[in-house]
Amino acid sequence: MSFLLALGNYVVAEMWNWGQSKRQGTKGKRQKYGETRDWGLGTSSSSPSSLKPQASSLKKLDAGRQTPWLALGLFAASRVATLLSGTIRLREYALPPDGTPLHVAMVLGNIPPAQRWQPMYYASTLLRYASVTSKGITGASPDLVVWPEFAINFYLEREPLLQLQLGQFAQMVNSALLLGAPRQEESATGIRYYNSAYLFSPNGELMGVYDKRRLVPFAEYRPFHLPGVLMHNNENPSEFTPGTRSAVFSLPKGSLGMMICYEAAFPSVARQLVQGGAQVLVNISNDTWLGGIPAATEQHFVMSVFRAVENRRPLIRTATAGISSVVDPTGRLLFRSTVEEGVLRGTVFPRQEVTVSGRYGERFSWMCMGVALLCLVHALQKFTDVGRYQ
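Here the structure is a predicted model, which means the values were calculated and not measured.

Side note on unusual backbone geometry
At step 1: Positive phi, normally seen in glycine, also occurs at F150, with a value near 55°.
At step 2: For F150, the location among the structural elements is in the loop between strand 2 (144-146) and helix 5 (160-173).
At step 3: Residue class for F150 comes out buried when judged on its relative accessible area of 8%.
At step 4: Backbone geometry at R312 places phi at a positive 50°, although glycine is not the residue there.

Below is the structure:
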């Protein structure tokens, strides 16, 4: 895609240059015709010998006005090659790959925003999600249950009893439980707050914790110490510390690459996860901060779809007040939902291949930009040469 964009820009530059040359050539012919007519009437000081350089210049102008068939041909051939290649690749992904599928249940609890960070609602929030989950997976235990960002609105380290209950619930449903919750850590400089994701095994053990690395400006941190949008305190933190490492959680049927909220907008985050062994991408989000604006919610979701396509990985997205979906490695939506409460079931097949984008990242894009810049310089140089013959 980056190459086609660069090549398209080159074609536009060539066509613009060709149009300019054509207009300049028309102007030159008019000047030549006027001078010849004046010379024939004896009203011009020009002689036939003085018109020879002008004729040579006009020949060069005619050469510069040739239609850029080479550029147009390259662009057309590239489009055809891209369409053929894409069609073949889509057919390869039409059938499920050999391997064990990962069955997923995405849970939405519809917790009112006013109950967030309120100690009196800690237990009821946990019970609400547990109840919705139990009802939605009756009869078949999924391999993975996913709760959205900040599904749990208390610090697990400070609530050992509630943390124990979460482990017991994962053991009861016999599924790995992935959920979003805040995390607190004491350091020499004070208390640090993290926007985190926790993974409990089907045995009830805490398998791992991931701290969000890409924080939302003004909502989760203050750039350059500017005033924030929200008030910050211990029970309602709005100034978080970014995490220092990516997280790939290993399950028996595949490895999960974690992205929280708008981390899915950054290709480098997903790429590092894939390079670290992630076979499935998981994005948990809480879109209440978008204010229910449909365009913002849609854009936030669409950005995550690109991460699936770039890395040829299935993507699981669970979002409060947003769009929850399962996306296949080609960007097709296996389903898409905006329900506020309920359980969404899906199946994904972990992938191991590494794409060019996953391996090299933006290097190819930068190379295309360099090629486009060289083509632009070349076109401007040709335009300058045409101007010399006027």
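What to know about the packing of helix 4 (residues 122-136) against helix 5
At step 1: Interhelical geometry of helix 4 versus helix 5 gives an angle of 5° and a closest axis separation of 11 Å. Viewed along their axes, helix 4 and helix 5 adopt a mutual orientation that is roughly parallel. Between helix 4 and helix 5, the contacting residues are Y122, L126, A130, T133 and S134 on the first element and L162, Q165, L166, F169 and M172 on the second.
At step 2: Among the residues forming the contact of helix 4 with helix 5, the class breakdown is 7 nonpolar, 3 polar and no charged.

Overview of the nonpolar core
At step 1: With 27 residues, the main nonpolar core has L144, L178 and M258 as its most contacted residues.
At step 2: Secondary structure elements with two or more residues in this core: strand 1 (102-109), strand 2, strand 3 (176-187), strand 4 (190-200), strand 6 (248-251), strand 7 (254-260), strand 8 (280-286) and strand 12 (341-348).
At step 3: Counting residues per element, this core draws most heavily on strand 1, at 4 residues.
At step 4: Beyond its immediate sequence surroundings of up to four residues, L144 is in contact with H103, V104, A105, A176, L178, L199, L251 and L256.
At step 5: Within the second largest apolar cluster, 25 residues are counted, among which are V132, L162, L166 and Y198.

Observations concerning the pairing of strand 4
Looking along a regular strand, one sees the side chains alternate between the two faces of the sheet.
At step 1: Of all 11 residues in strand 4, 8 are buried, a share of seventy percent or more.
At step 2: When strand 3 meets strand 4, the two strands line up antiparallel, connected through 11 bridges. Bridging from a neighbouring strand, P182 pairs with N195 of strand 4.
At step 3: Summarising the sheet, strand 4 and strand 5 (residues 206-211) pair through 5 bridges and their orientation is antiparallel. By the bridge assignment, L199 is partnered in strand 5 with G208.
At step 4: Between strand 4 and strand 5, which pair antiparallel one after the other, the connecting turn spans 5 residues, and G204 there sits at a positive phi close to 90°.

Re the confidence of the model for the protein
At step 1: When the pLDDT values of the protein are averaged, the result is 84; 83% of them are 70 or greater.
At step 2: In this model, residues 41-45 is a region of pLDDT below 50 whose contacts with residues beyond four sequence positions or in other chains number 4 contacts.

Details of the packing of helix 6 (residues 267-275) against helix 7 (residues 294-311)
At step 1: Interaxial distance between helix 6 and helix 7 falls to 10 Å at its minimum, and their mutual angle equals 40°. When the interaxial angle is binned, helix 6 and helix 7 end up oblique. Crossing of helix 6 against helix 7: the hand is right-handed. In contact with P267, A270, R271 and V274 of helix 6, helix 7 contributes R307, E310 and N311.

Notes on the pattern of salt bridges
At step 1: Evaluated as defined, the whole model comprises 11 salt bridges.
At step 2: A salt bridge links K212 to E220, with the nearest nitrogen and oxygen atoms 2.8 Å apart. Each member of the pair K212 and E220 is classed as buried.
At step 3: For the salt bridge of R332 with D328, the shortest nitrogen-to-oxygen distance reads 3.1 Å.

Points about the environment of W147
At step 1: On the secondary structure map, W147 appears in the loop between strand 2 and helix 5.
At step 2: A polar contact is formed between the side chain of W147 and the side chain of T133, at a distance of 3.1 Å.

Criteria and thresholds
- Residues numbered from 1 in each chain as written.
- Predicted model: local features only at pLDDT ≥ 70, side-chain atom pairs only at ≥ 80, totals over all residues.
- Heavy atoms only, no water.
- Helix = DSSP H or I, 4+ residues; strand = E, 2+ residues; numbered from the N terminus.
- Buried < 20%, exposed > 50% of the residue type's maximum accessible area, 1.4 Å probe, protein only.
- Axes fitted to C-alpha atoms, helices over the stretch in contact; angles between N-to-C directions.
- Parallel < 35°, antiparallel > 145°, perpendicular 65-115°, else oblique.
- Contact = heavy atoms within 4.5 Å.
- Nonpolar A, V, L, I, M, F, W, Y, C, P; charged D, E, K, R; others polar.
- Core = buried A, V, L, I, M, F, W, Y, C linked by side-chain atoms within 4.5 Å.
- Pairing = 2+ DSSP bridges.
- pLDDT = per-residue confidence, 0-100.
- Left-handed = near helix turned anticlockwise from the far one by under 90°.
- Salt bridge = Lys/Arg side-chain N within 4 Å of Asp/Glu carboxyl O.
- Polar contact = N/O pair within 3.5 Å; in protein donor to acceptor, adjacent residues only side chain to side chain.

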